[in-house]
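# Breakdown of the fold
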Amino acid sequence: MKVLYRSDVARGPAWQQLFSQHAPDVDFRVWPDAGNLDEIEYLIAWQVPPDFIAALPRLKVLFSSGAGVDHIDTSALPSHVAIVRMVEPGIINGMLEYVTMSVLALHRHLFDYQELQRQELWQPIEVYPPSTCSVGVMGLGVLGQAVLERLGIFGFQRLGWNRSPRALPGVRCFDGDGSLNEFLGQCDILICLLPLTVATRGILGARLFAALPAGSSLLHVGRGGHLDQEALLDALDSGQLGRAVLDVCDPEPLPAGHPLWRHPRVVLTPHVASMTQPETAVPILIQNLRRHQRGEALLDEIDRRNGY
Ligand code: NDP
């Protein structure tokens, strides 16, 4: 089995070491030390230049080294090449940490206190129980479901919106475009965990913000392409949105001087909500390689027609 890793260079040695530990029989190569490209059957990559794919005539499976596949031009891949997204405990745990941190910071007014501290103001803000605060998640996939389950520990009211119907314990679930406004109208904190597709690009726009309760907050951990940044600024400046915590933007990095850098009610992090952790990702990837070798269905293969 010939596997090529062509992703974050700094993490290459860790992947190599874990493969030699867990699957010493696999011929695991790290770019640019790839040997004969004609032999490569499996590729683990983030950005995939189309001309590079053309140099891999035996390629069977492309494993995205990170969550999501929106960065991959799937039309440039031969139809027989399967595309697998990254689903592994390290990514889920990272997202749980980031979302919990942000929701609690919003709910407990941490960002307001940062401002008050800068002004040397000792000014308590009323604390309400989490049961009075509704948190809604767009996208009830692996991450959206995990996030809603975790937030249940604190006692928040929980809502979810998804393409197809879902039934999650303790969560009021909505599905389809027809129920979007009803869902949005009940979200004090809205979390976006959708994949970026033709259907979801620009979904966080003026109409969506107008459907939220006045003063609600946005926690955006999906993709920059979901967000209309001008509409966000308008909604913040009009008071329709109280705060925004953004882990993603478009383009990344945000250009110097962009108003989101300095907006007093925006917290911006550089796309770090969660990342693939080689220690937890490699065993899962090896399991998937073995499945493919045995002729079994791959786990977490994307449906090219849906784009995720
Ligand atoms: P999944 O594929 O498991 O879940 C996606 C969910 O979104 C599915 O439940 C799907 O519904 C739903 N969905 C897709 N399209 C629509 C639509 N048009 N309307 C409503 N619902 C829709 O993905 P994950 O949970 O693993 O990841 C979600 C996203 O999180 C990633 O694609 C990525 O963009 C983002 N992410 C960001 C990270 C960061 O660091 N900021 C890190 C990791 C992920 P259905 O089941 O019906 O198809």
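Residues numbered from 1 in each chain as written. Predicted model: local features only at pLDDT ≥ 70, side-chain atom pairs only at ≥ 80, totals over all residues.

## Overview of the overall build of the protein chain
- Scanning the protein chain from terminus to terminus reveals 10 helices and 12 strands.
- Computed over the C-alpha atoms, the radius of gyration of the protein chain is 21 Å, within 12% of the 19 Å expected from 2.2 N^0.38 for a compact globule of 308 residues.
- In terms of overall dimensions, the protein chain has C-alpha extents of about 65 × 40 × 35 Å along its principal axes.
- Sorting the 308 residues of the protein chain into buried and exposed places 36% on the buried side.
- By sequence separation, contacts in the protein chain at least 24 residues apart represent 61% of the contacts at least 6 residues apart. (Helix = DSSP H or I, 4+ residues; strand = E, 2+ residues; numbered from the N terminus. Rg over C-alpha atoms; globule rule 2.2 N^0.38 Å. Buried ≥ 20, exposed ≤ 12 C-beta atoms within 10 Å, placed from the backbone. Contact = placed C-beta atoms within 7 Å.)

## Structural notes on the packing of helix α3 (residues 89–107) against helix α5 (residues 142–152)
- For the pair α3 and α5, interaxial distance at closest approach is 10 Å and the crossing angle is 50°. What the angle tells us is that α3 and α5 run oblique. Once α3 is placed against α5, the crossing between them reads as right-handed. Across from Ile92, Met95, Leu96, Val99, Thr100 and Val103 in α3, the residues of α5 making contact are Val142, Leu143, Ala146, Val147, Arg150 and Leu151.
- Split into classes, the residues belonging to the contact of α3 with α5 amount to 10 nonpolar, 1 polar and 1 charged. (Axes fitted to C-alpha atoms, helices over the stretch in contact; angles between N-to-C directions. Parallel < 35°, antiparallel > 145°, perpendicular 65-115°, else oblique. Left-handed = near helix turned anticlockwise from the far one by under 90°. Nonpolar A, V, L, I, M, F, W, Y, C, P; charged D, E, K, R; others polar.)

## Let's talk about the site of the ligand
- Around the ligand, 30 residues are found, and the nearest of them are Ala67, Gly141, Leu143, Ser164 and Pro195.
- Breaking the shell around the ligand down by element, the ones donating at least two residues are α3 and α5.
- Here the shell around the ligand takes 3 residues from α5, the largest share from any one element.
- A class-by-class count of the residues in the shell around the ligand yields 16 nonpolar, 11 polar and 3 charged.
- Three or more residues apiece are contributed to the shell around the ligand by two domains, here domain 1 (2–88 + 276–293) and domain 2 (91–268). (Near = placed C-beta within 6 Å. Domains from an automatic or database assignment.)

## So, the confidence of the model for the protein chain
- On average, residues of the protein chain carry a pLDDT of 97, and 100% of them reach 70 or more.
- Two numbers describe this predicted complex: its pTM, 0.97, and its ipTM, 0.99. (pLDDT = per-residue confidence, 0-100.)

## Comments concerning the domain arrangement of the protein chain
- Assigned domains of the protein chain: these are domain 1 (2–88 + 276–293) and domain 2 (91–268).
- Relative placement of domain 1 and domain 2: their C-alpha centres are 33 Å apart.
- Between domain 1 and domain 2, the contact holds 7 residues from the first and 5 residues from the second.
- Each residue belonging to the side of domain 1 that touches domain 2 can be placed in one class, and the counts come to 3 nonpolar, 2 polar and 2 charged.

## Considering the sheet that holds strand β1 (residues 2–6)
- What the 5 strands build is an open sheet, ordered β2-β1-β3-β4-β5; its pairing is parallel. Each of the sheet's edge strands pairs with one partner strand only, and the pair in question is β2 (27–30) and β5 (82–84). Along the sheet, successive strands turn relative to each other by an average axial angle of 20°, direction set aside.
- For strand β3 (residues 42–45) and strand β4 (residues 61–64), the ladder comprises 4 bridges, and the chain directions are parallel. (Pairing = 2+ DSSP bridges.)

## Notes on α5
- Turning to α5, its buried residues number three or more, namely Leu143, Gly144, Val147, Leu148 and Leu151. Around the axis of α5, the buried residues are gathered within 130° of arc, so they sit on the same side.
- If you follow the buried residues of α5, they end up packed against α3, β6 (134–138), β7 (157–162), β8 (171–175) and β9 (189–192). (Arc of directions from axis to C-beta.)

## Thoughts on the nonpolar core
- Of all hydrophobic cores here, the largest spans 74 residues; its most connected members are Leu43, Leu190 and Ile191.
- By residue number, the principal contributor to this core is α3, which donates 5 residues.
- Each of domain 1 (2–88 + 276–293) and domain 2 (91–268) contributes no fewer than three residues to this core.
- Residues contacting Leu190, with those up to four places away along its chain left out, are Gly136, Met138, Leu184, Leu212, Ser216, Leu218 and Leu219. (Core = buried A, V, L, I, M, F, W, Y, C linked by C-beta atoms within 7 Å.)

## Some points on the sheet that holds β8
- Strand order in the open sheet formed by 7 strands is β8-β7-β6-β9-β10-β11-β12, and the pairing between neighbours is parallel. Here the strands that pair on one side only, and so sit at the sheet edges, are β8 and β12 (266–268). The average angle at which neighbouring strand axes cross in this sheet is 15°, direction not considered.
- In this structure, β7 lies alongside β8, joined through 5 bridges in parallel fashion. Paired with Asn162 across the strands is Asp175, a residue of β8.

## A word on the UniProt feature "domain: D-isomer specific 2-hydroxyacid dehydrogenase NAD-binding" (unreviewed entry) in the protein chain
- Those places that UniProt annotates as "domain: D-isomer specific 2-hydroxyacid dehydrogenase NAD-binding" (unreviewed entry) correspond, in this numbering, to residues 101–273.
- Strand forms 20% of residues 101–273 and helix 30%; the C-alpha atoms that close the span are 10 Å apart. (UniProt positions renumbered as here; feature names shortened; annotations may be inferred.)

## Notes on unusual backbone geometry
- At the junction of Trp31 and Pro32, the peptide bond is cis and its omega measures out at 10° in the coordinates.
- Along the chain, Pro32 falls in the loop between β2 and β3.
- Backbone geometry at His109 places phi at a positive 60°, although glycine is not the residue there.
- Tracing the backbone through its elements, the reader meets His109 in the loop between α3 and α4 (110–118).
- Judged by the 16 C-beta atoms lying within 10 Å of it, His109 is partly exposed.
- Despite not being glycine, His271 shows a phi value in the positive range, around 50°.
- Note that His271 resides in the loop between β12 and α10 (278–293).

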